[in-house]
Amino acid sequence: MLEFIYQSGWGAFTVLLLFQIPFLLVFLTIVFRKAYVNSEPSGITDADVGKWRGRWLTLVVALFLIINLASIKFIPAVYTARAAAGDVAAIDVTVEAQSWSYDMSAYEFEVGKPVRFNAKSLDTVHGFAVYHPDGDVLFTMMLVPGVSESSLIYTFTEPGTYKVRCLEYCGMAHHDMSDEITVTEASS
Ligand SMILES: [Cu+2]
């Protein structure tokens, strides 16, 4: 359903509006209120500014720490290192990215079986991003030509058709650079 966001210029334009419209509304509200509703000095003292600056900084630092600590286990490099340290037998798959398609040694995987994606690019910088059938990005890898393969271990938890997309701008047909992975129920 959200395919158009990736495949047409109007999709990108719509996403742009989602960022621009709220910004514009807040900006115009502030300008309007200050210029036409209340042109008097604000009455905010230096002490007020200091107090709110302190609160704001505390909030930002606290959010930074909480979000980072809570999300650390979802970082691909972290769960790949954990899976590798755990000695699990992962299925090796080679992925070769080239403008503007992928060549993979396998396209079908099973739920619950770890897959090690060994990916590289043959020409320019490409991405290898795998999307859950509901549209969420599960992980993305940046593939730089001339650099040895990057590896990532991922274990699919649900069957379905997973979309692969390039998330590094790589030229004219970048928006069309995609593929599909099928994940089936565990056989045993
Ligand atoms: Cu691309």
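This text follows the structure it describes.
Since the structure is predicted, the reported quantities are computational estimates derived from the model, not experimental observations.

(A) Representation of helix α4 (residues 76-85). Along α4, the residues that are buried comprise Y79, T80 and A83. The buried side chains of α4 occupy one side of the element, clustering within an arc of 105° when seen end-on. Facing away from the buried side of α4 by over 90 degrees, the exposed positions are A77, R82 and A85. On its buried face, α4 sits against β6 (137-143) and β7 (150-155).

(B) The arrangement of helix α2 (residues 9-37) in detail. End to end, α2 covers 40 Å across 29 residues, agreeing with the expected 42 Å (1.5 Å per residue, within 8%). If you look at α2, its biggest bend is around 25°, right at L17.

(C) Layout of the side chain of H132. If you trace the backbone, H132 turns up in the loop between β5 (126-131) and β6. On the accessibility criterion, H132 (15% relative accessible area) is buried. The contact partners of H132, leaving out residues within four places of it in the chain, are L138, E158 and Y162.

(D) Structural context of the coordination of the copper ion. The copper ion binds to the protein through C166 (SG), E168 (O), C170 (SG) and H174 (ND1), with metal-donor distances spanning 1.9 to 2.4 Å. Here the copper ion binds four donor atoms, and the angle range of 84 to 123° at the metal identifies the geometry as irregular. The motif formed by the donor residues of the copper ion, counted along the single chain, is C-x1-E-x1-C-x3-H. The exposure class assigned to C166 is buried, which follows from its relative accessible area of 5%.

(E) Examining the sheet that holds strand β2 (residues 101-104) more closely. As summarised here, the arrangement of the four strands in space is β2-β1-β4-β7, forming an open sheet in which the pairing is mixed. Across the chains shown, the open sheet's two edge strands, defined by having one partner strand only, are β2 and β7. For this sheet, the mean inter-axis angle between neighbouring strands, taken without regard to orientation, is 25°. For strand β1 (residues 91-98) and β2, the ladder comprises four bridges, and the chain directions are antiparallel.

Reading the values: rules and limits
- Here, residues in each chain are numbered from 1, in the same order as that chain's written sequence.
- Residues qualify for local features only when their pLDDT is at least 70, as the model is predicted, and side-chain atom pairs are given and counted only at 80 or more; totals for whole chains, interfaces and linings, by contrast, use all residues.
- Side-chain numbers here rest on the full set of heavy atoms in the structure, without hydrogens or water.
- Accessible area is worked out with a 1.4 Å probe on protein chains only. A residue is then buried under 20% of its type maximum, exposed over 50%, and partly exposed in between.
- Numbering goes from the N terminus for both helices and strands, where a helix is a DSSP run of H or I of at least four residues and a strand is a run of E of at least two.
- This arc corresponds to the set of directions leading from the helix axis out to the C-beta atoms.
- Only heavy atoms enter the contact rule, under which two residues are in contact if any of them lie within 4.5 Å.
- One less than the residue count of a helix, multiplied by 1.5 Å, gives the span that helix is expected to have.
- To get the bend at a residue, fit one axis to the 7 residues ending there and another to the 7 starting there, then take the angle between the axes.
- Sodium, potassium and calcium take a 3.2 Å donor cutoff, other metals 2.8 Å, and in both cases only N, O and S atoms count; water is not among them, so sites may look incomplete.
- Angle rules define the geometry names used: all angles between 85 and 135 degrees makes four donors tetrahedral, while opposite donors over 155 degrees apart and all other angles between 65 and 115 make four donors square planar and six octahedral, leaving every other case irregular.
- One bridge is not enough; two strands pair if DSSP finds at least two bridges between them.
- Helix axes use the C-alpha atoms of the stretch in contact, all axes being lines fitted to C-alpha atoms, and the angles between their N-to-C directions lie in the range 0 to 180 degrees.

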